[in-house]
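Here is how the chains run, residue by residue.
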Amino acid sequence: MHTNHSIIHELETAFGKPALAVQQTKDAIPTLWVERNEARAVLRHLKTGVDRPYRTLYDLTAIDERMRSNRPDQPVSDFTLVYHLLSYERNEDVRIKVPLTGDLPSLPSITDLWEAADWYEREVWDMFGIKFDGHPHLKRILMPPTWQGHPLRKDHPARATEMGPFRLPDEKELAEQTALQFKPEDWGMQLGTEDSDFLFLNIGPQHPGTHGLLRFILQLDGEEIVNSVVDIGYHHRGAEKMGERQSWHTFIPYTDRIDYFGGVMNNLAYCLAVEKLAGIDVPDRAKVIRVMLSELFRIQSHLVWYGTFAQDVGSLSPVFYMFTDRERVFDIIEAICGGRMHPEWFRIGGVSADLPKGWDSLVRNFLKYLPPRLKEYDSIVMQNRIFKARTIGIGKYTLNDAIEWGVTGPGLRACGFDWDFRKKRPYSGYENFEFDIPVAVHGDSYDRGVVRIEEIRQSLRIVEQCVNNMPSGPYKSSHPLTTPPLKERTMHDIETLINHFLSVSWGPVIPPGEAHFGIEATKGNNGYYLVSDGSTVSYRTRIRTPSFAHMQMVPKISKGLMIADLMAILGSIDFVLADLDR
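Scoring rules and cut-offs
Residues numbered from 1 in each chain as written. Predicted model: local features only at pLDDT ≥ 70, side-chain atom pairs only at ≥ 80, totals over all residues. Heavy atoms only, no water. Salt bridge = Lys/Arg side-chain N within 4 Å of Asp/Glu carboxyl O. Helix = DSSP H or I, 4+ residues; strand = E, 2+ residues; numbered from the N terminus. Buried < 20%, exposed > 50% of the residue type's maximum accessible area, 1.4 Å probe, protein only. Pairing = 2+ DSSP bridges. Polar contact = N/O pair within 3.5 Å; in protein donor to acceptor, adjacent residues only side chain to side chain. 1 Å grid on protein atoms, 1.4 Å probe; cavity = no way out; pocket = protein on both sides within 12 Å on 5 of 7 lines; lining within 4 Å. Points joined across faces, edges and corners; volume = space filled by probe spheres on them. Nonpolar A, V, L, I, M, F, W, Y, C, P; charged D, E, K, R; others polar. Core = buried A, V, L, I, M, F, W, Y, C linked by side-chain atoms within 4.5 Å. Contact = heavy atoms within 4.5 Å. Phe/Tyr/Trp six-rings, centres within 6.5 Å; stacked < 30°, edge-to-face > 60°. Axes fitted to C-alpha atoms, helices over the stretch in contact; angles between N-to-C directions. Expected span 1.5 Å × (residues − 1). Lys, Arg positive; Asp, Glu negative; His and termini not counted.

Chemist: Where do I start with the pattern of salt bridges in this structure?
Modeler: Opposite charge on two side chains permits pairing when their charged atoms draw close. Following the criterion strictly, the structure yields 45 salt bridges and no others. The salt bridge partner of Asp112 is Arg40, with a shortest N-O separation of 2.9 Å. Of this pair, Asp112 sits in the loop between β6 (106–108) and α3 (117–128) while Arg40 is found in helix α2 (residues 39–49), placing the two residues 72 residues apart along the sequence. For Asp112, a relative accessible area of 52% puts it in the exposed group. Here Arg457 ties to Glu454 by a salt bridge, and the two come within 3.8 Å at their closest N and O atoms. Linking Arg457 with Glu454, this pair stays in helix α15 (residues 445–468), spanning 3 residues, or about one helical turn.

Chemist: Sorry if this is basic, but what is going on with the pairing of strand β12 (residues 224–231) here?
Modeler: The side chains of a regular strand alternate between the sheet's two faces. Note that strand β11 (residues 215–221) and β12 share 7 bridges and pair antiparallel. Of the residues in β12, the one forming a bridge with Phe216 is Val230.

Chemist: Any chance you could explain the environment of Arg544 here in plain terms?
Modeler: One can find Arg544 in strand β17 (residues 538–544). Taking C-alpha positions, Arg544 is 19 Å from Asp401, a pair spaced 143 residues apart along the chain. Within the local environment of Arg544, its side chain forms a polar contact with the backbone oxygen of Asn525, the two atoms lying 3.0 Å apart.

Chemist: Would you take a moment to explain empty space enclosed by the protein for this structure?
Modeler: If you roll a probe as big as a water molecule over the atoms, it shows you where there is empty space left. Following the criterion strictly, the structure yields 3 cavities of 30 Å³ or more and no others. What lines the largest cavity is simply Tyr397, Val407, Gly411, Arg448, Arg452, His550, Met553, Ile557 and Ile573. Of the residues assigned to the lining of the largest cavity, the class counts are 5 nonpolar, 2 polar and 2 charged. The computed volume of the second largest cavity comes to approximately 60 Å³.

Chemist: Is there a simple way to think about the layout of surface pockets in this case?
Modeler: Considering only enclosed or pocket space, the second largest pocket measures out at about 510 Å³ in volume. At the level of secondary structure, the elements contributing two or more residues to the lining of the second largest pocket comprise α3, β12 and α18 (554–558). With 4 residues, the single largest contributor to the lining of the second largest pocket is β12.

Chemist: How do you make sense of the nonpolar core when you look at a structure like this?
Modeler: For soluble globular proteins, the rule of thumb is that nonpolar side chains tend to be buried together. Judged by nonpolar contacts, the single largest core of 78 residues is most densely connected at Met292 and Leu293. Taken together, the elements giving at least two residues each to this core come down to α5 (239–243), α7 (264–278), α8 (284–312), α9 (317–337), α10 (359–382), α15, β15 (513–520) and β16 (525–532). With 13 residues, the single largest contributor to this core is α8. Not counting residues up to four positions away in its chain, the partners in contact with Met292 are Ile336, Leu355, Trp359, Val463, Cys466, Val467 and Met470. With 77 residues, the next largest nonpolar core counts Val42, Ala62, Ile130 and Ala549 among its residues.

Chemist: Help me out: how do you make sense of the packing of aromatic side chains in this one?
Modeler: What characterises a pair of aromatic rings is the spacing of the ring centres plus the angle enclosed by the ring planes. Tallied over the entire structure, the rule returns 21 aromatic pairs. When the centroid spacing of 5.3 Å and the interplanar angle of 70° are considered together, the rings of Phe251 and Tyr270 count as edge-to-face. One end of the pair, Phe251, is in the loop between α5 and α6 (252–255); the other, Tyr270, is in helix α7, and 19 residues separate them in sequence. Here the two residues Phe251 and Tyr270 agree in accessibility, since each one is buried. On the basis of an interplanar angle of 55° and a centroid distance of 6.2 Å, the ring pair of Phe297 and Phe330 is categorised as tilted. Note that Phe297 is positioned in helix α8 and Phe330 in helix α9, a separation of 33 residues in sequence. For Phe297, a relative accessible area of 1% puts it in the buried group.

Chemist: I'm lost on the sheet that holds strand β1 (residues 20–23) in this one. Help?
Modeler: Each strand in a sheet pairs with its neighbour through backbone hydrogen bonds, running either in the same direction (parallel) or in the opposite one (antiparallel). The strand order β1-β2-β5-β4-β3 describes an open sheet built from 5 strands, whose pairing is mixed. Each edge of the open sheet carries a strand with a single partner, namely β1 and β3 (56–64). Ignoring which end each strand starts from, the neighbouring axes of this sheet average 25° apart. Across 3 bridges, the pairing between strand β2 (residues 31–34) and strand β5 (residues 92–100) is parallel. If you follow Leu32 over to β5, its bridge partner there is Ile96. α2 contacts β2, β4 (79–87) and β5 of the sheet and is inclined by roughly 170° relative to β5. Strands β3 and β4 of the sheet are contacted by α3, whose axis makes an angle of about 10° with β3.

Chemist: Just to check I follow, could you spell out the sheet that holds β12 for this structure?
Modeler: Read across the sheet, 3 strands follow the order β8-β11-β12 without closing on themselves; strand pairing throughout is antiparallel. If you trace the sheet from one side to the other, it starts and ends with β8 (199–203) and β12, each paired once. Ignoring which end each strand starts from, the neighbouring axes of this sheet average 25° apart. Summarising the sheet, β8 and β11 pair through 5 bridges and their orientation is antiparallel. Pairing of Leu199 across the sheet is with Leu220, part of β11. Contacts between helix α19 (residues 563–573) and the sheet are confined to β8, β11 and β12, with β11 contributing the most and set at about 145° to the helix.

Chemist: Help me understand α3, please; the structure alone is not making it clear to me.
Modeler: Because each turn of an α-helix spans 3.6 residues, side chains separated by three or four positions end up pointing in the same direction. With 12 residues, α3 extends 16 Å between its outermost C-alpha atoms, agreeing within 8% with the 16 Å of an ideal straight helix rising 1.5 Å per residue. Judged by how many residues are buried, α3 sits mostly within the fold: 11 of 12 residues are covered.

Chemist: It is not clear to me how the side chain of Glu92 should be interpreted in this structure. Could you clarify?
Modeler: Of note, Glu92 is situated in strand β5. Although Glu92 lies buried, it forms no salt bridge, and the closest oppositely charged side chain, Arg90, sits 4.7 Å away as judged by the N-O distance. At 2.8 Å, the side chain of Glu92 forms a polar contact with the side chain of Tyr54.

Have a look at this one:
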């Protein structure tokens, strides 16, 4: 992975060395600087002009460089636009950086190259004020329409105490309500023709089928969905901004609240990125503990999805059974971590504490309990003829669609593609475990369910191997940047006590650099892209979430279907609003 940088030579051959500058990064992803007027051509070439092309726009974000002090081998710029592309054929990423100057920079949109660029470019405009010329709907996406400023700029306040009180006089409240009114013509929608009179229907932002605050505006011909717009951002809490104000260590609890069903799996992606930056090697015991807890959280997350998916299409009983089983997982999590849904238990360099006495018997009992329950659930849900009628052939997309839109996880494997980051890019010792990659064929709502249910069984296999082969040794690295440091060193002398106090209160000083790490999370690939300026806090924290990519595809796969089908599609995607909005 990322060892063969032939793509750099291919681009140099196509565009010449003067147009490109290569940057060395801690994650070893090929990173190239490209001038603004060359960016589109280079991106187009990477997608269509090279052998084994980079067909997936994995992420698109920006960095406000104006307060950064450690910028070795980088062009002078006020902002940097960062394109992250993925090639499944090469099993390789490439990062294209574009330096931009000025207070309100702009460059051409790439929505004609990747449809998935739509939301990413809107987010960059919303957060940084970088304009994309030619974008069809360059509007705010996470912040309210009337918001002043661009929150991820360094001169924007990071805390509520740095801003004035949020009080709405009557005229301001009216302006806010007016700004939320949907205008079909702004989105290229017709109000009606001589032959048909379209109806516009709001679903949400408060609706049980959206699992939180999420708004759909549907253009209907009868009950058929002609077009739709997804209005997101109601759960936006500034997670990336908080990642740039908290210390490296104290941001860990905030990650739990991104995919709030993923628990410590959120910690894992973040800690792996920090450890990559810091050069920390995690002990084998800590790796296996992390894998075991992550797979337990995958099981409970999938159980929540299973029950609510059945409920979304009209079957009420399964959600009570599966939430009860989920509590059994939380009993194990609580016994080990002390917390249940948000244990925030992983640490930079390992885990918070060693496993308690009796942990293995709790896990073994659960491993015996769940398989027969899953078999029963298959009979009452997946084999139910009404459930099948509501989901088979609904919300279908092809493998090419999935790759183009950045779909990862079960949604990608439901198209017949056996790609799992735990297998293709093993991390935390996953290469030592035996498990299969569940796949399906049709890429519809039913097959997305088939994949997730089999993933529960494969996670049980992994957890069983963890119990049977738990290595001995330390649960935390002895690296000096491990946070908090090992407790036994604290009382050695006054210097070690001071070091421990500073490491806990201020956090470690991570060397300058940048690194990305993505994992196979509960809903797809969750990645953290971190930039260090040699400080106790992250200079730039970018959180790439699967729900953002997946939800953007909903208008495409729901077009021509019925309103009720939209509920089945949303249930099959398994999204979380905090994962979507951050």
